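Spelled out, the chains give:
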Amino acid sequence: MQFEKITHPAPMDAAARDEALKNPGFGTLFSDHMVTIEYDEAKGGWHAAKVGPREPLTLDPAASVLHYAQEIFEGLKAYKQVDGGLALFRPEENARRFNASAERLAMPALPEELFIESVKLLVDTDKDWFPTVEGGSLYLRPFMIATEAFLGVRPAKQYKYLVIASPAGSYFKGGAKAVSIWISEYTRAAPGGTGAAKCGGNYAASLVPTGKAFAQGHDQVLFLDAAEHKWVEELGGMNLFFVFDDGRVITPPLTGTILPGITRNSLITLLREEGLEVSEEMYSIDQWREDAASGRLIETMACGTAAVVTPVGKVAGPDGEFTIGAGGPGQLTMKIREKLVGIQKGAVEDTHDWVMKLD
């Protein structure tokens with residue numbers, strides 16, 4: 001598919017852009033352009049691919065996404081390499097997960113090569129938007145919405161796929177300091193639901209508990225399982241790993257209620273390369289509290305595309321709180337974070353062909 005390229009008539013002034021890039025924050029600054037591709041079942045599927053000015057969307061008030069929440073998205077980053085070039089990290093995995101989400105939400109699959117091409121094209125178009133702040137990246141948000149105008153509970157027949165870019169600094173204020181999390185009384189997803197799909201509804205369900213966590217001075221919210229409210233699942237936007245003093249590492253299994261994180265998958269590989277025994281198994285909140293108190297659990301790490309690898313220092317809830325280790329960043333957490341970031345930036349050898357360099 002050929003992309004039509006539309007020149008931006010009034011891009012942001014270069015001086016203003018460069019000033020903004022010195023402190024981009026996360027998710028509040030956006031580049032000049034976006035990618036769009038249309039889907040219409042009556043017209044044979046995907047068509048009208050273009051990269052052009054980032055601008056507001058025009059939607060009919062009866063668009064299906066506004067009433068029945070047919071929407072999915074992905075998150076990945078372009079990284080600055082040590083040689084000065086740019087690269088993506090495992091974008092083919094994002095493309096596969098995007099289509100898995102589409103299948104669960106009764107939406108059309110987007111060819112994986114088209115997903116990757118759309119992301120590469122936007123990075124190339126807006127490469128001058130790469131932030132100058134240390135540890136900065138260009139965060140990419142591919143997403144798809146149902147645009148058909150109708151009121152009726154069935155899958156839509158028209159969709160729009162888009163990619164936007166946001167220059168990003170650290171996800172958490174203060175960088176990779178140990179974060180504090182709050183145990184929520186709410187549940188994020190139930191068996192048979194959409195927990196494994198990256199759809200907006202899952203995140204909407206997390207907003208009230210996340211707000212409560214923030215209001216009590218915590219950085220993130222922890223969700224337990226829906227059936228017994230006993231088993232640890234994931235944070236509001238990150239997977240979890242538990243590190244023990246005997247060289248074991250546990251991460252909750254992919255049972256359909258948590259997101260199959262790409263960073264999670266990468267960490268399993270890297271931790272095993274460090275000689276650690278990594279297993280995917282159920283882990284209860286009571287066992288977590290007991291292991292932290294006894295000292296058997298020495299570190300807990302959270303991971304995701306936005307936050308990379310982040311140490312968890314404190315866990316709090318209605319029944320009290322407990323601290324992991326000394327409450328600060330653990331040695332393994334910081335070591336594995338450094339290795340992963342090194343691979344992403346080309347400073348550490350990529351033995352798994354995870355990095356896709358962009359010309």
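Residues numbered from 1 in each chain as written. Predicted model: local features only at pLDDT ≥ 70, side-chain atom pairs only at ≥ 80, totals over all residues. Heavy atoms only, no water.

Counting secondary structure elements, the protein contains 9 helices and 18 strands. For 359 residues, the compact-globule estimate of 2.2 N^0.38 gives 21 Å, and the C-alpha radius of gyration of the protein, at 21 Å, lies within 12% of that figure. By principal-axis analysis of the C-alpha atoms, the protein measures approximately 60 × 50 × 35 Å. Considering the protein as a whole, with its 359 residues, one finds that 52% of them fall into the buried category. Contacts spanning at least 24 positions in sequence make up 71% of the contacts within the protein whose residues lie at least 6 apart. As displayed, the protein has an accessible area near 15900 Å², and 51% of this comes from carbon and sulfur atoms. With 35 positive and 48 negative side-chain charges, the protein shows a spacing of 2 Å between the two charge centroids. (Helix = DSSP H or I, 4+ residues; strand = E, 2+ residues; numbered from the N terminus. Rg over C-alpha atoms; globule rule 2.2 N^0.38 Å. Buried < 20%, exposed > 50% of the residue type's maximum accessible area, 1.4 Å probe, protein only. Contact = heavy atoms within 4.5 Å. Areas by Shrake-Rupley, 256 points an atom, 1.4 Å probe, with all protein chains shown as cover. Lys, Arg positive; Asp, Glu negative; His and termini not counted. Charge placed at Lys NZ, Arg CZ, Asp CG, Glu CD.)

Further remarks concern helix α3 (residues 91–104). For α3, spanning 14 residues, the distance from its first C-alpha to its last is 20 Å, which sits close to the expected 20 Å at 1.5 Å a residue. Among the residues of α3, Pro-91, Asn-94, Ala-95, Arg-97, Phe-98, Asn-99, Ser-101 and Ala-102 are the ones counted as buried. (Expected span 1.5 Å × (residues − 1).)

What follows deals with a nonpolar patch on the surface. Together, Leu-57, Leu-59 and Leu-66 give the surface a local cluster of nonpolar side chains, amounting to about 240 Å² of exposed area. Following the sequence through the fold, Leu-59 ends up in the loop between β3 (45–53) and α2 (64–68). Judged by its relative accessible area of 31%, Leu-59 falls in the partly exposed class. (Patch = residues over 30% accessible without salt bridge, like charges linked within 9 Å, V, L, I, M, F, W, Y side chains within 5 Å. Salt bridge = Lys/Arg side-chain N within 4 Å of Asp/Glu carboxyl O.)

Bringing the side chain of Arg-188 into the picture now. Within the element layout of this structure, Arg-188 appears in the loop between β9 (179–183) and α5 (200–204). Separated by 3.3 Å, the side chain of Arg-188 and the backbone oxygen of Gly-195 make a polar contact. Here the side chain of Arg-188 touches Glu-234 through a polar contact of 2.8 Å, side chain to side chain. When near neighbours in sequence (up to four residues on either side) are disregarded, Arg-188 contacts Gly-195, Ala-197, Asn-202, Ala-205, Phe-223, Glu-234, Thr-257, Ile-258 and Leu-259. (Polar contact = N/O pair within 3.5 Å; in protein donor to acceptor, adjacent residues only side chain to side chain.)

This next bit is on the nonpolar core. Grouped together as the largest cluster of nonpolar side chains are 42 residues, with contacts concentrated most on Ile-37, Ile-72, Phe-115, Leu-140, Met-144 and Tyr-161. Those elements that provide at least two residues to this core are β2 (33–40), β3, β5 (76–80), β6 (86–89), α3, α4 (112–125), β7 (137–146) and β8 (158–168). Contacts of Phe-115, omitting those with residues within four sequence positions, involve Glu-74, Leu-76, Pro-91, Asn-94, Ala-95, Phe-98, Leu-110, Pro-142 and Tyr-161. Residues Leu-222, Ile-285, Ala-302 and Val-315 belong to the second largest nonpolar core, which totals 23 residues. (Core = buried A, V, L, I, M, F, W, Y, C linked by side-chain atoms within 4.5 Å.)

Looking now at the pattern of salt bridges. When charged atoms on two side chains of opposite charge get close, those side chains can pair. For the coordinates displayed, the defined rule picks out 20 salt bridges. Close ionic contact of Arg-97 with Glu-74 constitutes a salt bridge, the shortest N to O distance being 2.7 Å. Of this pair, Arg-97 sits in helix α3 while Glu-74 sits in the loop between β4 (71–73) and β5, and the two are 23 residues apart along the sequence. As far as the burial class goes, Arg-97 and Glu-74 line up, both buried. With a shortest N-O distance of 2.8 Å, Glu-234 and Arg-188 are connected by a salt bridge. Separated by 46 residues along the polypeptide, Glu-234 in strand β11 (residues 232–235) and Arg-188 in the loop between β9 and α5 bring together distant segments of the chain. The class of Arg-188 is buried, set by a relative accessible area of 8%. Among the charged side chains, a salt-bridge network with shared partners connects Glu-273, Glu-274, Lys-335 and Lys-339.

Topologically, Ser-118 is positioned in helix α4. The residues touching Ser-118, leaving out its near neighbours within four places in the chain, are Phe-3, Val-35, Tyr-161 and Val-163.

For the pair helix α7 (residues 262–273) and helix α9 (residues 331–345), the least separation of the axes is 11 Å and the interaxial angle reads 110 degrees. In terms of orientation, α7 lies roughly perpendicular with respect to α9. The chirality of how α7 crosses α9 is right-handed. In this structure, α7 contributes Thr-263, Ser-266, Leu-267, Leu-270, Leu-271 and Glu-273 to the contact, and α9 contributes Leu-332, Ile-336, Lys-339, Leu-340 and Ile-343. (Axes fitted to C-alpha atoms, helices over the stretch in contact; angles between N-to-C directions. Parallel < 35°, antiparallel > 145°, perpendicular 65-115°, else oblique. Left-handed = near helix turned anticlockwise from the far one by under 90°.)

Applying the stated criterion across every chain, the model contains 13 aromatic pairs. Judged by centre distance (4.5 Å) and plane angle (45 degrees), the rings of Phe-242 and Tyr-283 are tilted. With a gap of 41 residues between them, Phe-242 in strand β12 (residues 239–244) and Tyr-283 in the loop between β14 (277–280) and α8 (285–294) connect regions that are remote in the sequence. An aromatic cluster is defined as three or more aromatic residues linked by ring pairs; in this entry it consists of Phe-242, Phe-244, Tyr-283, Trp-288 and Phe-322. Taking the ring centre of Phe-130 as reference, the NZ or CZ of Lys-80 above it sits at 4.9 Å. (Phe/Tyr/Trp six-rings, centres within 6.5 Å; stacked < 30°, edge-to-face > 60°. Lys NZ or Arg CZ within 6 Å of the ring centre and 35° of its normal.)

Here we take up α8. For an α-helix, the turn length of 3.6 residues means that residues three or four places apart are oriented alike. Residues of α8 that are buried include every one of Ile-285, Trp-288, Asp-291 and Ala-292, and no others. Across the axial projection of α8, the buried residues extend over an arc of 125 degrees, all falling on one side. The positive-phi residue at the C-terminal boundary of α8 is Gly-295, with phi of around 95 degrees. (Arc of directions from axis to C-beta.)

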